[in-house]
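Architecture at a glance
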Amino acid sequence: MTRGAIIDPDLDQAIREMVLVEKRLSQVERMLADPGKDNYHDLLRMKNERADHLGALRARAERLQIDPRALRVVIREADRLRSKARGREHVSLDKLRAVLERAAEWARQERAERGADLAAAQMDLATVTQRCTGLAGAIDYLEKSRG
């Protein structure tokens, strides 16, 4: 069974209209993450700007009935694909879906690897905690043995 092309004119329009909002929002978020001395006086303005951009994205996501985080991912990836295609206006939603599927698989693999790293770190922490407890008990015992 062949499946037809993914066609969603509302999503296409959202991608075109919201790409600059997403780019600016990402830029503001990076600046807020590390305000530094130079940007500190602009902190309130940047927070307000971030709130405005997030509000615009949420409103568009609500109209499309999609999670705002998912819409941001779609916009970023579509823009990246469009840039690779030398600025062609239209990005195939089928191609975008394939890219997102690959990215999701990589994210799942990374999550599994990070989970394994976390489990190993927790085991190391338990070992070190037991050693600390044992050493503290030994020191306490020796202190009590003073004559």
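Because the structure is a prediction, the values reported are computed rather than measured.

Of regular secondary structure, the chain possesses five helices and zero strands. Starting at the N terminus, the α and β elements of the chain follow one another as α-α-α-α-α. The proportion of buried residues among the 147 residues of the chain is 22%. Contacts in the chain between residues at least 24 apart in sequence constitute 57% of all its contacts with a sequence separation of at least 6. On the chain, roughly 11,400 Å² of surface is accessible, and the fraction owed to carbon and sulfur atoms is 55%.

What follows deals with helix α1 (residues 9-33). An α-helix turns once per 3.6 residues; consequently, residues spaced three or four apart project the same way. Taking 1.5 Å per residue as the helical rise, α1 with its 25 residues ought to reach 36 Å, and the 35 Å between its terminal C-alpha atoms agrees with that figure. Of all the residues in α1, the buried ones are L11, D12, A14, I15, M18, V19, V21, E22, L25, S26, V28 and L32. On the buried face of α1, the contacting elements are α3 (43-64), α4 (68-84) and α5 (93-144).

Formed by 18 residues in total, the largest nonpolar core has its most connected members in L11, I15, L57, L71, I75 and L96. Residue contacts for I15: discarding those within four places in its chain leaves V74, I75, A78, L93 and L96.

Our next topic: the environment of G55. Position of G55 relative to the elements: it lies in helix α3. Residue classification places G55 among the partly exposed positions, given a relative accessible area of 33%. For the pair G55 and P68, spaced 13 residues apart in sequence, the C-alpha to C-alpha distance is 9.7 Å.

Right, let's get into the pattern of salt bridges. Applying the stated criterion across every chain, the model contains 15 salt bridges. Across the pair R80 and E77 runs a salt bridge whose closest N-O atoms are separated by 2.7 Å. Of this pair, R80 and E77 both sit in helix α4, three residues apart, which is roughly one turn of that helix. Because the salt bridges share partners, they merge into one network encompassing E22, E29, R72 and R76.

Turning next to the packing of α1 against α4. Taken N-terminus to C-terminus, the directions of α1 and α4 make an angle of 95°; their axes are 8 Å apart at the nearest point. Classed by the angle they form, the pair α1 and α4 counts as roughly perpendicular. Across from L11, I15, M18, V19, E22, K23, L25, S26 and E29 in α1, the residues of α4 making contact are L71, R72, V74, I75, R76, A78 and D79. When the residues that make up the contact of α1 with α4 are grouped by side-chain class, the tally is nine nonpolar, one polar and six charged.

The residue H53 is located in helix α3 in this model. Not counting residues up to four positions away in its chain, the partners in contact with H53 are V21, R24 and L25.

The next thing to look at is the side chain of S26. Inspection of the secondary structure assignment puts S26 in helix α1. Of the polar contacts made by the side chain of S26, one reaches the side chain of E22; its length is 2.8 Å.

Rules of the game
- Residues numbered from 1 in each chain as written.
- Predicted model: local features only at pLDDT ≥ 70, side-chain atom pairs only at ≥ 80, totals over all residues.
- Heavy atoms only, no water.
- Helix = DSSP H or I, 4+ residues; strand = E, 2+ residues; numbered from the N terminus.
- Buried < 20%, exposed > 50% of the residue type's maximum accessible area, 1.4 Å probe, protein only.
- Contact = heavy atoms within 4.5 Å.
- Areas by Shrake-Rupley, 256 points an atom, 1.4 Å probe, with all protein chains shown as cover.
- Expected span 1.5 Å × (residues − 1).
- Core = buried A, V, L, I, M, F, W, Y, C linked by side-chain atoms within 4.5 Å.
- Salt bridge = Lys/Arg side-chain N within 4 Å of Asp/Glu carboxyl O.
- Axes fitted to C-alpha atoms, helices over the stretch in contact; angles between N-to-C directions.
- Parallel < 35°, antiparallel > 145°, perpendicular 65-115°, else oblique.
- Nonpolar A, V, L, I, M, F, W, Y, C, P; charged D, E, K, R; others polar.
- Polar contact = N/O pair within 3.5 Å; in protein donor to acceptor, adjacent residues only side chain to side chain.

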